[in-house]
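So you can see what is in the structure, the chains are spelled out below.
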Amino acid sequence: MAINTEKNSYTIIFSILMVIVVGALLATIAQVLKPTITENKRIEKQQNILYAMGVNENDESSANFVAETDAAKLFEQYITEQLVIANGSAQADDKAYLIDVKKEQAKAKAGEERRLPLFVGEKDGKKYYIAPIRGKGLWDAVWAYVAMDENMVVQGAYFDHQGETAGLGANIKERYFMDDFIGEHLLDASGNFVGIAISKSNADPLNKDKQDNEVDAIAGATITGDGVSAMIRNDLKLYVPFFKNLKKTN
Amino acid sequence: MALLSKKDSKLILDPLADNNPITIQVLGICSALAITAQLKASIVMSISVIFVMGVGNIVISLMRNIIPSKIRIIVQLVVVATLVIIVDQVLKAFSYQLSKELGAFIGLIITNCIIMGRFEAFALGNGVWRSFLDGIGNALGYGVILIIVGFFRELLGSGTLLGFPVLGDPIAKSGVYSIGYENNGFMLLAPMALIVVGIIIWVQRSRNKALIEEN
């Protein structure tokens, strides 16, 4: 029996069947793989947070996370407290690392209260405050985990991006860029928050001056760099009251 | 007794050189520009395209007699899109790091004109086995050029290969940098991909004069 594939009714039936089959197939695959994917994302977050506070397996030049299998254990070991800052006060919440910064930013835009997660880590007797931040690069989102001490001096940072240009903007996740932030001050000399600018006109390319609130930009990645500057300025600023409070209580 | 008949092996070998999808048919230039700044991205993109083309050609070839010709382009798009989503999801679940690095590139496979081109030109009119070989052959031909371009762009642009600093350290001035060599940042920008592809086309045509079109 030959089918007449030119008939309109055949075309319609064919498309309906095709959509049902493809839809069912994709839905099944998504459902089956979802738990694994969520778990991967959770581990990655823990690795990122640990990386920022210096718990990583960096060798001379490349950035390496702790092993996936150890991430949960090390996270438990090094992160002593997870805080959620909302309505001006910090509450302990051991699910803080599951807060989606993107959703919180959208909430803030809609005029609602934004919850700010903050992780308190301790390594070799030193306290680290790690904040997740998020902003826009050239093509898509950029985000970071920034570890600070109680004076808002950066102790370590991990940057990542969705789709910056390979070889240019994508280099924000390279060691030579991320390591420049270590020791850099977020406050100016009189204690006002100014952030850290990714500067093209930096007279300090070797980054010897840690109080200039600037790090050297990546050539060819101006807009990504500006996005990172803006992200640090806008998002870390929100944590300033917390650190002021911290000083008062200590 | 060869594994493939002469006609079949032509399907694999032709696109590698004399009928290369990028340098001869000038298809798939868009992704050749976008992702070749690093060798690693080129390699993974090639592998993903080999998978999508091989399987896609099989699926289209199997359905070639029942696809209504009026909506055949839409059907082809649906097949590519489905395969790409499957690749994306599987990578996310089982090779998370890799999928993060590839990010947008996986989605870009959908827009790769070589794939639609081969569905339309070959798989709709040929049997399953031959379509499969044609898909693999063209994807390989595409991959070879991608890898060559990626090799030169990463080497000359960043001084690294697959992330390893093969030319020394540009900041500490070791290796070739100690005699005044500098990385050429221009290699990382899209226009240089076109120029590298152009050079490959030039080399290929001067080696094989039959490829030169007559005016």
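For the structure itself, consult the block above.
Residues numbered from 1 in each chain as written. Chains lettered and ligands numbered in written order. Predicted model: local features only at pLDDT ≥ 70, side-chain atom pairs only at ≥ 80, totals over all residues. Heavy atoms only, no water.

Looking at unusual backbone geometry
Phase 1 of the analysis: For Asp124 of chain A, which is not glycine, the phi dihedral falls at a positive 50°.
Phase 2 of the analysis: Secondary-structure assignment places Asp124 of chain A in the loop between strand E3 (116–123) and strand E4 (126–136). (Helix = DSSP H or I, 4+ residues; strand = E, 2+ residues; numbered from the N terminus.)

Section: the nonpolar core
Phase 1 of the analysis: Core analysis: the biggest nonpolar cluster contains 44 residues, and Ile22, Met45 and Val52 of chain B have the highest contact counts within it.
Phase 2 of the analysis: Sorting the residues of this core by element identifies helix H1 (8–52) of chain A together with helix H2 (29–34), helix H3 (39–62), helix H4 (72–94), helix H6 (104–108), helix H7 (113–121), helix H8 (128–158) and helix H9 (190–207) of chain B as the ones contributing at least two each.
Phase 3 of the analysis: Apart from the residues lying within four places of it in its own chain, the contact partners of Met45 of chain B are Ser31, Ile35, Phe105, Ile109, Tyr142 and Leu146 of chain B. (Core = buried A, V, L, I, M, F, W, Y, C linked by side-chain atoms within 4.5 Å. Buried < 20%, exposed > 50% of the residue type's maximum accessible area, 1.4 Å probe, protein only. Contact = heavy atoms within 4.5 Å.)

Quick notes on the packing of aromatic side chains
Residue and element names in this part refer to chain A.
Phase 1 of the analysis: Under the criterion given, the structure shown has 13 aromatic pairs over all chains.
Phase 2 of the analysis: Note on Phe242 and Phe243: the rings are 5.5 Å apart at their centroids and 85° apart in plane angle, and the pair reads as edge-to-face. In this structure, Phe242 and Phe243 share a single accessibility class: buried.
Phase 3 of the analysis: These aromatic residues form a ring-pair network of at least three members: Tyr51, Phe65 and Tyr158. (Phe/Tyr/Trp six-rings, centres within 6.5 Å; stacked < 30°, edge-to-face > 60°.)

Things to note about the interface of chain B and chain A
Phase 1 of the analysis: Listed by partner, the interface residues are 24 residues for chain B and 27 residues for chain A.
Phase 2 of the analysis: For the pair chain B and chain A, the summed buried surface comes to about 2500 Å²; carbon and sulfur atoms form 68% of the total.
Phase 3 of the analysis: On the chain B side of the contact with chain A, Lys70, Tyr96 and Lys100 of chain B bury the most area, a combined 21% of that side's loss.
Phase 4 of the analysis: On the surface where chain B and chain A come into contact, there are zero salt bridges.
Phase 5 of the analysis: Viewed at the interface, chain A and chain B are joined by five residue pairs in polar contact (both at pLDDT 80 or more).
Phase 6 of the analysis: Sorting the residues of the side of chain B that touches chain A by element identifies H4 and helix H5 (96–102) of chain B as the ones contributing at least two each.
Phase 7 of the analysis: Per-element tally for the side of chain B that touches chain A: the top contributor is H4 of chain B, with 10 residues. (Buried area = accessible area lost by both parts, 1.4 Å probe. Salt bridge = Lys/Arg side-chain N within 4 Å of Asp/Glu carboxyl O. Polar contact = N/O pair within 3.5 Å; in protein donor to acceptor, adjacent residues only side chain to side chain.)

Re the side chain of Ser42 of chain B
Phase 1 of the analysis: Turning to its location among the elements, Ser42 of chain B is positioned in helix H3.
Phase 2 of the analysis: Exposure remark for Ser42 of chain B: the relative accessible area of 0% places this residue in the buried category.

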